[in-house]
Amino acid sequence: MSYVAPPLLHQQVYSLDHAAWVDRLASTENLLIIQDLDGVCMGLVKDPLDRVVEIGYLEATQRFDGHFYVLTNGEHTGKRGMNGIIERSLGGAELAQVGRYYLPGLAAGGVQWQTRAGDISHPGVSEAELAFLAAVPQKMGDRLRHFFEQHSNVLAGPALDQAIQASVLDNMASPTANLNTFYSLLGDHQALYSDLQYAMQTLMEDLLRDAANQGLDGSFFVHYAPNHGRGPDGTEILWFGQGGESGTTDFQFMLRGAIKEAGVLALLNRYYAARTGNYPLGEGFSVRQAPHSHSELLDLVIQAFDPALMPTLVGVGDTVTSVVVTEAGQPVAKRGGSDRNFLHLIQAIGQHFDTGNLVTYVDSSGGELKNRKALKLEDRGGTSVVIEGPGDARDEDDPLVLNVVFPGGYRQYCQAFQTAATQRP
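Scoring rules and cut-offs
Residues numbered from 1 in each chain as written. Predicted model: local features only at pLDDT ≥ 70, side-chain atom pairs only at ≥ 80, totals over all residues. Heavy atoms only, no water. Buried < 20%, exposed > 50% of the residue type's maximum accessible area, 1.4 Å probe, protein only. Helix = DSSP H or I, 4+ residues; strand = E, 2+ residues; numbered from the N terminus. Pairing = 2+ DSSP bridges. Contact = heavy atoms within 4.5 Å. Axes fitted to C-alpha atoms, helices over the stretch in contact; angles between N-to-C directions. Polar contact = N/O pair within 3.5 Å; in protein donor to acceptor, adjacent residues only side chain to side chain. Phe/Tyr/Trp six-rings, centres within 6.5 Å; stacked < 30°, edge-to-face > 60°.

Notes on the pairing of strand β12 (residues 312-317)
Consideration 1: Burial within β12 is extensive, with 6 of its 6 residues counted as buried.
Consideration 2: Both faces of β12 are covered, namely the face carrying Thr312, Val314 and Val316 and the face carrying Leu313, Gly315 and Gly317.
Consideration 3: Across 5 bridges, strand β1 (residues 31-35) lies against β12 in parallel orientation. Note on β12: the bridge partner recorded for Gln35 is Val316.

Have a look at this one:
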């Protein structure tokens, strides 16, 4: 019988071969890791102020300096931003600054850039847009308070004040209403929680209308996380909670163009410049200049980037959803998740340039939030095998392939990442 070589790592699905993943990161010189944050390198919690990050992980990112960027819908700055988490974890801002522990890359969906030293900028964003965003957190708090004034028998007083404080994220470039705390407090009031989701969706629509009336039509869009993908008009589909699942918890008011998949191009542009001195898309390129569709983004990469210099990309995320519903008597797959599109683009780039790109999935279902589907494993002869992923098993045509998965969540991922860092020359 002739020997049949096993598929390469980037050709595998739901692989648990973490040793091979570590070896790829450790031994690939022309490497670019693009990584999400929440649920990937730290646990998911109800109150973002409770997040912590391990120092060993931060030190490992330094070993990958120049080959590692973050790409998140969260922010670097602000009291709930990643920088504050890093500073608290280290014991002070001075230690973070002196040690250059800040994570380089794009936040707020791609419009907030940060260097390793912690220098912040907002490429392509106007002062008028930032001023409008600055007023949004107050409006979120007011809308939440007004909603519960009509349901004071369920939640009121200091408990309501604390919930609003925990839920309104006053991010500079992506103010967010995070309903995780309310989902826990409402308990058995599932219908009321759904009404709250609808109220926040209505607020998002009001904000878009207000922006247009102030001459900022087209400046913003709304990101729901997690979601059920995008509708025919390109807007994201709200996931109403049901059956013990919270559905959409984050209502983010974001700058137009701040989509993670566009961030992949912006990071590639900077990576090429750091290695060659030349920006393939121009030094002033920002995500706000990028096309929005998958095909157009891929075409731009093919047109602008030298294939001989294309790195092996490793995309890491934790938010990928898929659900099959019946519409007009036919099954229809609703695919979403805030990491889906940037991971899919990384996969497509690897397929076109034959660079062996890896899509890496971290199972964050073990956190405090109830909007993640756990990987399902089965023991087969002493070997664990993944038999079900984060999507709907009926969605057989899902184009996104998860090459390597970490069922153990962020701790398991961080340990493998740190091991790869110690082995890197």
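Considerations on unusual backbone geometry
Consideration 1: Cis rather than trans, the peptide bond between Ala225 and Pro226 has omega equal to -15°.
Consideration 2: One non-glycine residue with positive phi stands out, namely Arg100, at about 55°.
Consideration 3: A relative accessible area of 43% places Arg100 in the partly exposed class.

Looking at the sheet that holds β1
Consideration 1: With respect to topology, 8 strands assemble into an open sheet ordered β5-β4-β3-β2-β1-β12-β15-β18, the strand pairing being mixed. On the outer flanks of this sheet lie β5 (120-121) and β18 (404-406), each paired with one strand and no other.
Consideration 2: In terms of strand pairing, strand β4 (residues 112-114) meets β5 through 2 bridges, oriented antiparallel. Within β5, the position partnered with Gln114 by the bridge is Ile120.
Consideration 3: Along the sheet, helix α10 (residues 260-276) contacts β1, β2 (68-71), β3 (105-107), β4 and β12; its crossing angle with β2, the most-contacted strand, is approximately 155°.

Section: the side chain of Thr176
Consideration 1: Counting through the fold element by element, Thr176 comes out in strand β7 (residues 176-178).
Consideration 2: Among the residues examined, Thr176 registers a relative accessible area of 1% and is labelled buried.
Consideration 3: Within polar-contact distance, the side chain of Thr176 engages the backbone oxygen of Ser174 at 2.8 Å.
Consideration 4: A polar contact is formed between the side chain of Thr176 and the side chain of Gln252, at a distance of 3.2 Å.
Consideration 5: Aside from chain neighbours lying at most four places away, what touches Thr176 is Met140, Ser167, Val168, Leu169, Asn171, Asp250, Phe251 and Gln252.

Section: the packing of aromatic side chains
Consideration 1: Summed over the entire model, instances satisfying the criterion amount to 16 aromatic pairs.
Consideration 2: Ring centres of Phe132 and Phe253 lie 6.0 Å apart, and the angle between their planes is 35°; on these two criteria the pair is classed as tilted. Taken together, the residues span a long stretch of sequence, with Phe132 in helix α5 (residues 127-134) and Phe253 in strand β11 (residues 250-255) at a distance of 121 residues.
Consideration 3: Accessibility expressed as a relative area gives 0% for Phe253, which makes it buried.
Consideration 4: Grouping aromatic residues by their ring pairs yields a cluster made of Trp21, Tyr57, Phe64, Phe68, Phe406, Tyr413 and Phe417.

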